[in-house]
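One letter stands for each residue in the lines below.
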Amino acid sequence: MSDAATMTRREWLLTDRPQSRLQARLGRAYVAWRRFTANKLAVIGLVIILGLVFLAIFAPLLAPHSPYIGDLAKARLMTPGAGHWLGTDDQGRDILSRLIYGSRLTLQVVLLVAVIAAPIGLLVGTVAGYAGGWVDAVLMRITDIFLAFPKLVLALAFVAALGPGIGNAIIAIAITSWPPYARIARAETLTVRNSDYILAVQLMGASPWRIVLRHIMPLCISSLIVRVTLDMAGIILTAAGLGFLGLGAQPPLPEWGAMIASGRRFILDQWWVAAAPGVAILIVSLGFNLLGDGLRDALDPRGSGQ
C-alpha cells in the first residue's frame with residue numbers, strides 16, 4: 001500500500017497536465033528537489049548550512065562556557081583539551097563557545113545583506129531592462145561605477161565614513177553587493193521583455209510598474225537566489241575582513257574575523273587561537289559554495305528534471 005501510494009503521489013507531482021496551480025508548483029518543487037539531492041556535494045553544503053543554523057539557534061544550550069567572560073589567572077591561552085576543546089584565547093575565554101555564538105553574527109550578516117542588497121539589485125535591473133533608453137543607460141552606468149571598485153575596498157570606504165560596528169558593516173557590504181544582482185536581473189528582463197507572455201499582459205492594459213513587479217520580477221527570482229547563495233561566501237569573507245581590520249564587529253563580540261585578528265599575535269606559539277575561527281570561516285564558505293552550485297543545477301530550467 002505504501003509503495004503504491006508513493007508511486008501515485010510521484011505520478012501526481014510529475015504529471016504533464018496539472019489540474020491546478022498548486023499541483024504545478026509542487027511538481028516543479030519536487031523536480032528541483034530531485035535534481036538537488038542527486039548532487040551529493042550540494043547535500044553536504046546544505047548539511048553544513050543547517051548545522052550553522054542549528055548552532056545559532058541553540059547557542060546558549062550548546063556553548064560550554066560564556067563567550068564574553070574568561071579567566072585570565074588560570075585559563076589564558078590554554079591548549080585544546082578536555083576542559084576547553086578548542087583552547088582559550090588571550091583573555092581566557094573559551095574559543096569553542098565564541099565560535100558557537102559567532103555563528104549568530106555570521107548568519108545575521110549574510111541574511112541582512114541578502115535582504116537589503118537582493119531587492120535593490122532586482123528592482124534596478126528589472127526597471128532598467130524593461131524601460132530601456134536613458135533610464136537603462138543611467139541605472140547601468142551607476143551600476144558600472146560600483147562594479148569598478150573592488151568590493152572590500154568600497155566596503156572599507158563606506159565603513160570608514162559610517163563608523164566601525166556590525167550594523168554599519170552590514171550596510172556597507174549591502175551597498176557594495178547589489179550591482180551583480182542588477183546585472184543578472186537586467187539580462188533576464190531583456191530576454192522576456194518582448195515575449196508573448198509580456199505582450200499579452202500589455203494588451204490587457206497592465207501598467208509598466210505592474211508588469212515589472214508582478215510578471216517580470218518573479219521570473220528573475222530563481223537566478224537571483226542562486227547568485228545570492230553563491231555570494232554568501234564572499235559576504236562572509238568581506239565581513240571577516242572588516243572585523244579583522246577592526247571596522248566590523250567590536251570587542252567583545254565573538255565575530256570570527258575579529259577573533260583571527262586578536263589571535264594573529266600568537267600565531268607561532270598558540271596557533272589554535274587564530275586557526276579555529278579561520279577553519280570555521282573556511283567550512284561555512286565551502287558550505288555556501290556547494291549549496292549554491294546545487295541550487296544552480298536544481299533551478300536550471302534546461303535540466304532534464306526526471
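Being a predicted model, the structure only gives us computed values, none of them experimental.

A.B. asks: Any chance you could break down the pattern of salt bridges for me, citing the residues and the numbers?
C.D. replies: As enumerated under the stated definition, the model contains eight salt bridges in all. Asp90 is the salt-bridge partner of Arg265, the closest N and O atoms lying 2.8 Å from each other. Here Arg265 is found in the loop between helix H11 (256–263) and helix H12 (272–298), whereas its partner Asp90 is found in the loop between helix H4 (59–62) and helix H5 (95–131), with 175 residues between them in sequence. Relative accessible area serves as the criterion here: at 8%, Asp90 is assigned to the buried category. A salt bridge links Arg183 to Asp144, with the nearest nitrogen and oxygen atoms 2.2 Å apart. Separated by 39 residues along the polypeptide, Arg183 in helix H8 (residues 166–192) and Asp144 in helix H6 (residues 133–147) bring together distant segments of the chain.

A.B. asks: Could you give an account of the packing of helix H10 (residues 208–244) against H11, naming the residues involved and the relevant values?
C.D. replies: For the pair H10 and H11, the least separation of the axes is 7 Å and the interaxial angle reads 40°. Classified by the angle their axes make, H10 and H11 are oblique. Crossing handedness for the pair H10 and H11: right-handed. Counting all contacts with H10, which are made through Ala240, Gly243 and Phe244, the residues of H11 involved are Gly257, Ala258, Ile260 and Ala261. Taken together, the residues of the contact of H10 with H11 sort by class into five nonpolar, two polar and no charged.

A.B. asks: Tell me what's going on with the environment of Gly133, and back it up with residues and numbers.
C.D. replies: Tracing the backbone through its elements, the reader meets Gly133 in helix H6. Separated by 82 residues in sequence, Gly133 and Gly51 place their C-alpha atoms 47 Å apart.

A.B. asks: Tell me about unusual backbone geometry, residues and numbers included.
C.D. replies: Backbone geometry follows two general trends: most residues other than glycine have a negative phi, and most peptide bonds adopt the trans configuration. Omega for the peptide link from Pro251 to Pro252 comes to 10°, which places this bond in the cis form. On the secondary structure map, Pro252 appears in the loop between H10 and H11. Even without glycine at this site, Leu77 takes up a positive phi of about 55°. Along the chain, Leu77 falls in the loop between H4 and H5.

Parameters and conventions
Residues numbered from 1 in each chain as written. Predicted model: local features only at pLDDT ≥ 70, side-chain atom pairs only at ≥ 80, totals over all residues. Heavy atoms only, no water. Salt bridge = Lys/Arg side-chain N within 4 Å of Asp/Glu carboxyl O. Helix = DSSP H or I, 4+ residues; strand = E, 2+ residues; numbered from the N terminus. Buried < 20%, exposed > 50% of the residue type's maximum accessible area, 1.4 Å probe, protein only. Axes fitted to C-alpha atoms, helices over the stretch in contact; angles between N-to-C directions. Parallel < 35°, antiparallel > 145°, perpendicular 65-115°, else oblique. Left-handed = near helix turned anticlockwise from the far one by under 90°. Contact = heavy atoms within 4.5 Å. Nonpolar A, V, L, I, M, F, W, Y, C, P; charged D, E, K, R; others polar.

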